[in-house]
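Listed here are the chains, written in short residue letters.
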Number of protein chains: 2
Amino acid sequence: MGVFGSIRVLRLRAGFWESIKSGLLKDDTTQVIETSPEPQVEEPLPEEFVLIEKTQPDGAIEQIIFSSGGDVDVYDLQSLCDKVGWPRRPLSKLAAALKNSYMVATLHSIRKSPEPEGGDQKKLIGMARATSDHAFNATIWDVLVDPSYQGQGLGKTLVENIIRALLQRDIGNITLFADSQVVEFYRNLGFEPDPEGIKGMFWYPKF
Amino acid sequence: MGVFGSIRVLRLRAGFWESIKSGLLKDDTTQVIETSPEPQVEEPLPEEFVLIEKTQPDGAIEQIIFSSGGDVDVYDLQSLCDKVGWPRRPLSKLAAALKNSYMVATLHSIRKSPEPEGGDQKKLIGMARATSDHAFNATIWDVLVDPSYQGQGLGKTLVENIIRALLQRDIGNITLFADSQVVEFYRNLGFEPDPEGIKGMFWYPKF
Ligand SMILES: CC(C)(COP(=O)(O)OP(=O)(O)OC[C@H]1O[C@@H](n2cnc3c(N)ncnc32)[C@H](O)[C@@H]1OP(=O)(O)O)[C@@H](O)C(=O)NCCC(=O)NCCS
Ligand SMILES: CC(C)(COP(=O)(O)OP(=O)(O)OC[C@H]1O[C@@H](n2cnc3c(N)ncnc32)[C@H](O)[C@@H]1OP(=O)(O)O)[C@@H](O)C(=O)NCCC(=O)NCCS
């Protein structure tokens, strides 16, 4: 069940959109399965924590760190986007988008050298960000993991933890627009396409 | 063609999502049909302007004013939401959502009395708001028009003008999640559901 095993709130399916509109997840449309002083999430998540620690053949230690603190260098992000083949975006706009996202979650690899003077190497290997009205809705954009780190559960952990961080801030309606090739990835994570016939729509000028 | 008759930019269909990701609407994926020093929109829109002016039987003048300036009283908004039958939301969260929306567009009716001492009456009759990263994406939420003002083109004008205001701020990717009963309303306005298989998805806890 991963990180959500500890979530004790059950939102009722009926009136899904109504419950979102009302923003009254706790009062109106949820049932607390267990009694607890903090019904939403069992224990608050720190902003930054170690996901994985591995000793490498050369004795170096590699840690994978999750953070929802938003500390990401725009050049590092650009080179990560290059790695997954996304078209280049103007750096000034990318920096503005990071600054004005409600939450920027990152995965960093930190390699601690076995040599005493070797120092640490820190590398951005994943990111997801969310826009929000800080109250009801958040929308997740730009989820990506460095190809050499894909396929080991990091994308899943990244999204699970940005969800968890959003829930902790009491954002009830977490949405995204998924490319067709990642719809199943998100469905596995508990996202439903078109619930009750709600459609994601994009505007563009008519010919 | 309404308000969009004056937009001179043609975004090419091919590579739709790529063009959004690149954020390079002007450079990469658009063709300027006419040459102009300001290719996106012909003339900048003022933040506030009169849409309609009508003289009523008693001699009073009613103006309908569009504004993208975000000046909306949270109690007025609550009573407007009541009128369309939306479930009540906590006022503190509603106020936070307004404050943290990138754009809040409103329609007000202003009734200017024919009596010299009669004064003006100002009433909120419509609203739409958008969250955004201030750079690439905006998502429109909470579009509504007072039922006694529906069916005369105001909902359409409201959405057209919030789109126009977003384009003027160089936001290329304008999205929303439409309830099934308003998908056609938005399609008429130039929104496409699921372009290239992109799916709107909502997260909720598993049972
Ligand atoms: C999509 C992406 C973030 C997944 O990251 P990842 O670290 O490789 O994914 P994980 O290893 O955490 O996968 C978790 C689960 O999802 C599955 N999965 C991964 N990618 C998938 C996909 N495209 N479709 C369906 N399932 C997928 C995995 O098989 C795994 O399943 P399991 O739990 O049954 O073992 C990554 O492939 C990526 O960055 N892609 C390029 C950018 C992109 O397309 N982003 C999303 C659109 S904006
Ligand atoms: C949806 C809503 C904003 C439309 O406002 P409105 O002022 O009545 O709409 P307009 O008069 O501008 O309609 C413009 C066009 O859309 C059409 N239209 C209006 N509502 C429609 C609907 N639900 N489905 C399909 N078409 C619709 C009109 O017939 C008109 O067509 P025309 O240009 O061919 O004449 C309004 O009905 C409303 O506030 N509804 C309640 C709240 C809501 O459901 N909001 C949207 C979901 S969050």
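Check the entry above for the structure.
For clarity, every value in this text was computed on a predicted model and none was experimentally measured.

Engineer: With reference to specific residues and values, describe the sheet that holds strand β4 (residues 61-67) of chain B.
Structural biologist: Strand pairs in the sheet, formed through backbone hydrogen bonds, run parallel or antiparallel to each other. Spatial ordering of the open sheet is given by β3(B)-β4(B)-β5(B)-β6(B)-β7(B)-β8(B)-β10(A)-β9(B), a layout of eight strands whose pairing is mixed. Bordering the open sheet on either side are β3 (48-55) and β9 (191-193) of chain B, each of which pairs with just one other strand. Sheet twist, expressed as the mean angle between neighbouring strand axes with direction ignored, is 25°. Two elements, strand β5 (residues 103-112) of chain B and strand β6 (residues 120-132) of chain B, share 10 bridges in a ladder whose sense is antiparallel. Considered in β6(B), the bridge of Leu107(B) is made with Gly126(B). Of the strands in this sheet, β6 and β7 (137-145) of chain B are in contact with helix α2 (residues 74-83) of chain B, which crosses β6(B) at around 85°.

Engineer: Describe the sheet that holds strand β6 (residues 120-132) of chain A, listing the residues and the values that go with them.
Structural biologist: The eight strands are arranged β3(A)-β4(A)-β5(A)-β6(A)-β7(A)-β8(A)-β10(B)-β9(A) in an open sheet whose pairing can be described as mixed. At either end of the open sheet lies a strand with only one pairing partner, and these are β3 (48-55) and β9 (191-193) of chain A. Mean inter-strand twist for the sheet, computed between neighbouring axes without regard to direction, equals 25°. In this sheet, strand β10 (residues 199-203) of chain B lies alongside β9(A) in antiparallel orientation, the contact comprising three bridges. Bridging from a neighbouring strand, Pro193(A) pairs with Met201(B) of β10(B). Strands β6 and β7 (137-145) of chain A of the sheet are contacted by helix α2 (residues 74-83) of chain A, whose axis makes an angle of about 85° with β6(A).

Engineer: Would you mind going over the environment of Gly151(A) in detail, with residue names and values included?
Structural biologist: Residue and element names in this part refer to chain A. In this structure, Gly151 sits in the loop between β7 and α4 (154-168). Residue Gly151 is classed as exposed on the basis of its relative accessible area, which comes to 86%. Remark: the alpha-carbon pair of Gly151 and Glu192, spanning 41 residues in sequence, is separated by 22 Å.

Engineer: Requested: an account of the packing of α2(A) against helix α3 (residues 91-99) of chain A, with residues and values cited.
Structural biologist: Residue and element names in this part refer to chain A. Axis separation between α2 and α3 bottoms out at 10 Å; the angle between their running directions is 105°. Accordingly, the angle class assigned to the pair α2 and α3 is roughly perpendicular. In this structure, α2 uses Val74, Tyr75, Leu77 and Gln78 to contact α3, whose residues at the interface are Leu91, Leu94, Ala95 and Leu98. For the contact of α2 with α3, the per-class residue count stands at seven nonpolar, one polar and no charged.

Engineer: Give me the lowdown on the site of ligand 2, citing residues and values where you can.
Structural biologist: All names here are of chain B. In the neighbourhood of ligand 2, 17 residues make up the surrounding shell, with Val143, Val145, Gly153, Gly155 and Lys156 lying closest. Between ligand 2 and Gly153, the relevant distance is 2.7 Å, taken from an oxygen atom to a main-chain nitrogen or oxygen of the residue. Residue Leu154 places a main-chain N or O atom 3.4 Å away from an oxygen atom belonging to ligand 2. In isolation ligand 2 exposes 900 Å². Once the protein is present, 68% of that is buried. Taken together, the elements giving at least two residues each to the shell around ligand 2 come down to β7, α4 (154-168) and α5 (183-188).

Cut-offs applied
- Residues numbered from 1 in each chain as written.
- Chains lettered and ligands numbered in written order.
- Predicted model: local features only at pLDDT ≥ 70, side-chain atom pairs only at ≥ 80, totals over all residues.
- Heavy atoms only, no water.
- Pairing = 2+ DSSP bridges.
- Helix = DSSP H or I, 4+ residues; strand = E, 2+ residues; numbered from the N terminus.
- Axes fitted to C-alpha atoms, helices over the stretch in contact; angles between N-to-C directions.
- Contact = heavy atoms within 4.5 Å.
- Buried < 20%, exposed > 50% of the residue type's maximum accessible area, 1.4 Å probe, protein only.
- Parallel < 35°, antiparallel > 145°, perpendicular 65-115°, else oblique.
- Nonpolar A, V, L, I, M, F, W, Y, C, P; charged D, E, K, R; others polar.
- Near = heavy atom within 4 Å.
- Polar contact = N/O pair within 3.5 Å; in protein donor to acceptor, adjacent residues only side chain to side chain.
- Areas by Shrake-Rupley, 256 points an atom, 1.4 Å probe, with all protein chains shown as cover.

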